[in-house]
Amino acid sequence: AALLLPLICCLSPAAAGKLLVIPMEGSHWLSMKEVLAVLSKKGHEIVVIAPDSKMMIGSSVMYELKTYPVPFKKEEMEELIRSFSANAFSKEPFLTRFLNTWDHFRRSSAMFQASCHSLLYNKEMMKYIEESKFDVVFTDPLTPCGQIIALHFSIPTVFFLRGVPCAIDIHAAQSPDPPSYVPRMFSLNADRMTFPQRVKNFLLAVSESFTCAMVFSPFESLASDFLQRPMTMTQLLSHGSIWLKRLDFVFDYPMPVMPNMIFIGGINCGEKKSLSQ
């Protein structure tokens, strides 16, 4: 006890941090906002940076909002979100849904890449971020703009996500991802598959490497130019410190994960409402 007493006296309550938030627009923001509400109550200083064409990201007492100009209008973003939602609930054949989804990712990737380019080359905003000395970047890696900024200024990153196409998040975190056992997106397979289903799953995994290379190539080029070194999406995201995944094995198939991947699927059920009769 005599030895522990001096050590206990040296302990102090955890200090509040300075958080830079670079969010993803749409429904992704709604879940992230719930986390920011809790962090704000704990005394953390929060700054949210968003494009001036934002849809759902508004001002709040919980955080300071800063915007930057982008070369597209709010209406264009809204139409993109609507088309993606319509395709997500489509009952068309698999190949049609796959091609539509690929086309949507390609168009949305180009729009988000343009937004990211506007932020990275906004000298006033970059100067503000550098001088603010943020402790951590809190971002959605589906668009890796936050991670590019984190690497540029050597700031740790906390990712907040449901998942990244082509299992890039799994590969970046170095988790096992055998294509013959882990179901691929849009396959409709369960974690227990017949041999033909495993073959289909493997072929989808092979095709993903091609399609995602096309979809994310604008971000890879942007990151490589800005950071002045060759960079892929997997390499970018591999620098993440913590992965907060909006998943739960109640609804998603079991899969191996790394220790810094934390499942917070229940956050999507934070606002409970009674079902109508």
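Let me sum up the structure you'll find in this document. (Residues numbered from 1 in each chain as written. Predicted model: local features only at pLDDT ≥ 70, side-chain atom pairs only at ≥ 80, totals over all residues. Heavy atoms only, no water.)

Quick look at the overall build of the chain now. Across its full length, the chain carries nine helices and seven strands. If one aligns the C-alpha atoms of the chain with their principal axes, the spans along those axes are about 65 × 55 × 55 Å. Evaluated residue by residue, the chain yields a buried proportion of 44% over its 277 residues. Partitioning the contacts of the chain with sequence separation of at least 6, the portion at a separation of at least 24 is 58%. Across the chain, 26 positive and 25 negative side-chain charges occur, with their mean positions spaced 4 Å apart. (Helix = DSSP H or I, 4+ residues; strand = E, 2+ residues; numbered from the N terminus. Buried < 20%, exposed > 50% of the residue type's maximum accessible area, 1.4 Å probe, protein only. Contact = heavy atoms within 4.5 Å. Lys, Arg positive; Asp, Glu negative; His and termini not counted. Charge placed at Lys NZ, Arg CZ, Asp CG, Glu CD.)

Scanning the entire structure with this criterion turns up two cavities of 30 Å³ or more. By volume, the largest cavity amounts to about 220 Å³. Lining the largest cavity are 22 residues, with Pro23, Pro51, Tyr68, Phe112 and Ser115 positioned closest to its centre. Elements supplying a minimum of two residues to the lining of the largest cavity: strand 2 (45-51), helix 4 (94-120) and helix 6 (145-153). A per-element tally of the lining of the largest cavity places helix 4 first, with four residues. (1 Å grid on protein atoms, 1.4 Å probe; cavity = no way out; pocket = protein on both sides within 12 Å on 5 of 7 lines; lining within 4 Å. Points joined across faces, edges and corners; volume = space filled by probe spheres on them.)

Before going further, it helps to examine the nonpolar core. Ranked by size, the top nonpolar core spans 55 residues in total, and within it Ile129 and Ile149 carry the most contacts. Excluding its chain neighbours within four sequence positions, the residues that come into contact with Ile149 are Leu20, Ile22, Leu119, Leu120, Met126 and Ile129. Counting 18 residues, the second largest nonpolar core, distinct from the first, contains Leu19, Trp29, Val48 and Ile57. (Core = buried A, V, L, I, M, F, W, Y, C linked by side-chain atoms within 4.5 Å.)

As a further point, take a nonpolar patch on the surface. A surface patch of nonpolar side chains, about 500 Å² in accessible area, is lined by Phe195, Val199, Phe202, Leu203 and Val206. For Phe195, the location among the structural elements is in helix 8 (residues 195-227). (Patch = residues over 30% accessible without salt bridge, like charges linked within 9 Å, V, L, I, M, F, W, Y side chains within 5 Å. Areas by Shrake-Rupley, 256 points an atom, 1.4 Å probe, with all protein chains shown as cover. Salt bridge = Lys/Arg side-chain N within 4 Å of Asp/Glu carboxyl O.)

Below, the discussion takes up the state of the cysteines. Applying the stated rule across the entire model yields two disulfides. At a sulfur-sulfur separation of 2.3 Å, the disulfide partner of Cys116 is Cys145. Across the S-S bond linking Cys116 and Cys145, the dihedral sits near 90°, which makes this disulfide right-handed. Here Cys116, found in helix 4, pairs with Cys145, found in helix 6; they are 29 residues apart in sequence, far enough to count as distant. In this pair, the class of Cys116 matches that of Cys145, namely buried. For Cys166, the disulfide goes to Cys212, at an S-S distance of 1.7 Å. (Disulfide = S-S within 2.5 Å.)

Attention shifts here to the pairing of strand 2. Two faces make up the sheet, and in a regular strand the side chains alternate between them. Here strand 2 lies mainly inside the structure; six of its seven residues are buried. Bridge count between strand 1 (residues 18-22) and strand 2: four bridges; the pairing is parallel. Bridge pairing in strand 2 places Val21 opposite Val48. In this region the chain leaves strand 1, passes through helix 2 (residues 27-41) and returns to the parallel neighbour strand 2; the handedness of that crossover is right-handed. As defined by bridge partners, strand 2 adjoins strand 3 (residues 64-68) across five bridges and the pair is classed as parallel. Note on strand 3: the bridge partner recorded for Pro51 is Tyr68. (Pairing = 2+ DSSP bridges. Right-handed = clockwise from strand over helix to strand, strands pointing away.)

In this structure the tally under the stated criterion is three salt bridges. Linking Glu45 and Lys18 is a salt bridge whose minimum nitrogen-to-oxygen distance equals 3.9 Å. In this pair, Glu45 is assigned in strand 2 and Lys18 in strand 1, connecting sequence segments 27 residues apart. The exposure class of Glu45 is partly exposed, given its relative accessible area of 43%.

Moving on, we come to the sheet that holds strand 7 (residues 261-263). An order of 3-2-1-4-5-6-7 is seen for the seven strands of this open sheet, with the pairing classed as parallel. The two strands at the open ends of the sheet, each matched to only one other strand, are strand 3 and strand 7. Taken over all neighbouring pairs, the strand axes of this sheet differ in orientation by 20° on average, direction set aside. When strand 1 meets strand 4 (residues 136-139), the two strands line up parallel, connected through four bridges. Following the sheet pairing, Val21 is matched in strand 4 by Phe138. (Axes fitted to C-alpha atoms, helices over the stretch in contact; angles between N-to-C directions.)

A few words on the environment of Glu92. With respect to the helices and strands, Glu92 occurs in the loop between helix 3 (74-88) and helix 4. Owing to a relative accessible area of 38%, Glu92 belongs among the partly exposed residues under this scheme. Expressed as a C-alpha distance, the spacing of Glu92 and Ala190, which sit 98 residues apart in the sequence, is 20 Å. When sequence neighbours within four positions are dropped, the list of residues in contact with Glu92 reads Arg97 and Asn100.

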